[in-house]
Amino acid sequence: MANPEFVPTLAIIGGTGLYQLEGLQSLGAQELKTRWGEPSSAIEFAQFNDLKLAFLARHGSNHTIPPHRVNYRANMWALKECGVSRVIAIAAVGGISEHL
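For every chain, the first residue of its written sequence is number 1, and the numbers climb from 1 along that sequence. For this predicted model, a pLDDT threshold of at least 70 governs which residues receive local features, and a threshold of 80 or more governs which side-chain atom pairs are given and counted, while totals over whole chains, interfaces and linings are taken from all residues. Where side-chain values are given, they derive from all heavy atoms of the structure, hydrogens and water being excluded.

Student: Sorry if this is basic, but what is going on with the overall build of the protein chain here?
Tutor: Per the convention used, a helix needs a DSSP run of H or I reaching at least four residues, while a strand needs a run of E reaching at least two, with both numbered from the N terminus. Summing up its helical and strand segments, the protein chain has 1 helix and 5 strands in all. Exposed residues in this analysis have more than 50% of their type's maximum accessible area, buried residues have under 20%, and partly exposed residues fall in between, with area computed by a 1.4 Å probe over protein chains only. Considering the protein chain as a whole, with its 100 residues, one finds that 35% of them fall into the buried category. Only the protein chains shown count as cover for residues, and the accessible areas themselves come from Shrake-Rupley with a 1.4 Å probe. As displayed, the protein chain has an accessible area near 6,900 Å², and 51% of this comes from carbon and sulfur atoms.

Student: Is there a simple way to think about the environment of C82 in this case?
Tutor: Locating C82 in the fold gives a position in the loop between α1 (72–81) and β5 (86–89). Residue classification places C82 among the buried positions, given a relative accessible area of 9%. Residues C82 and A11, spaced 71 residues apart in sequence, show a C-alpha to C-alpha distance of 9.6 Å. Not counting the four nearest positions on each side in its chain, C82 is found in contact with V7, P8, L32, I43 and F45. Two residues form a contact once any of their heavy atoms are found within 4.5 Å.

Student: What am I meant to see in the side chain of H59 here?
Tutor: Within the secondary structure, H59 is located in the loop between β4 (51–57) and α1. N or O atoms closer than or at 3.5 Å make up a polar contact, with two conditions inside protein: a donor-capable atom paired with an acceptor-capable one, and, for residues adjacent in sequence, both atoms drawn from side chains. A polar contact is formed between the side chain of H59 and the backbone oxygen of I65, at a distance of 2.8 Å.

Student: Before we go on, may I ask you to explain the nonpolar core in this structure?
Tutor: Grouped burial of nonpolar side chains is what soluble globular proteins tend to show. The criterion is simple. A nonpolar core is a set of buried Ala, Val, Leu, Ile, Met, Phe, Trp, Tyr and Cys residues joined through side-chain atoms within 4.5 Å. Core analysis: the largest hydrophobic core is formed by 12 residues, namely F6, A11, I13, L32, I43, F45, A54, L56, A78, L79, C82 and V84. At the level of secondary structure, the elements contributing two or more residues to this core comprise β1 (10–14), β3 (43–48), β4 and α1. In contact with A78, not counting residues within four places along its chain, are L32, T34, P39 and I43.

Student: How should I be thinking about the sheet that holds β1 in this particular structure?
Tutor: Within a beta sheet, neighbouring strands are joined by backbone hydrogen bonds and run either parallel or antiparallel to one another. One bridge is not enough; two strands pair if DSSP finds at least two bridges between them. Sheet architecture is open: 5 strands sit in the order β2-β3-β4-β1-β5, paired in mixed fashion. Single-partner strands in this sheet number two, and they are β2 (25–30) and β5. For this sheet, the mean inter-axis angle between neighbouring strands, taken without regard to orientation, is 25°. In this structure, β2 lies alongside β3, joined through 4 bridges in antiparallel fashion. Opposite Q25, over in β3, you have Q47 as the bridge partner. Lying over the sheet, α1 contacts β1, β3, β4 and β5, oriented at roughly 155° with respect to β1. Every angle, taken between N-to-C directions, lies between 0 and 180 degrees, and every axis is a line fitted to C-alpha atoms, over only the stretch in contact when it is a helix.

Student: How do you make sense of α1 when you look at a structure like this?
Tutor: An α-helix turns once per 3.6 residues; consequently, residues spaced three or four apart project the same way. Every buried residue of α1 is listed here: A74, N75, A78 and L79. Seen end-on, α1 carries its buried residues on one side only, within an arc spanning 130°. Residues R73, K80 and E81 are exposed on α1 and point more than 90 degrees away from its buried face. Phi turns positive one or two residues past the end of α1, at G83, with a value near 100°. The arc in question is the one spanned by the directions pointing from the helix axis to the C-beta atoms.

This is how it looks when you write it as structure tokens:
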């Protein structure tokens, strides 16, 4: 990460429809590569009051990655490399059939 003094302790992984969070002071983003490949998106760094956060869009910043193609290992490894020790993952549940 560009600023070694900023170590996020909490990560939020956004699912379908959650690509950014309101009320956060954005501190930039970083593209990472891991031993498992690239994560779904750049890691966004932000601050909310005194809380330092990392945010990752599970399906990519433009929702281009379907659930079966998400590189979960790379996502978690990248967050770990940033110093994250806790993760909150937001997920929406949908159906395959439109009429349901």
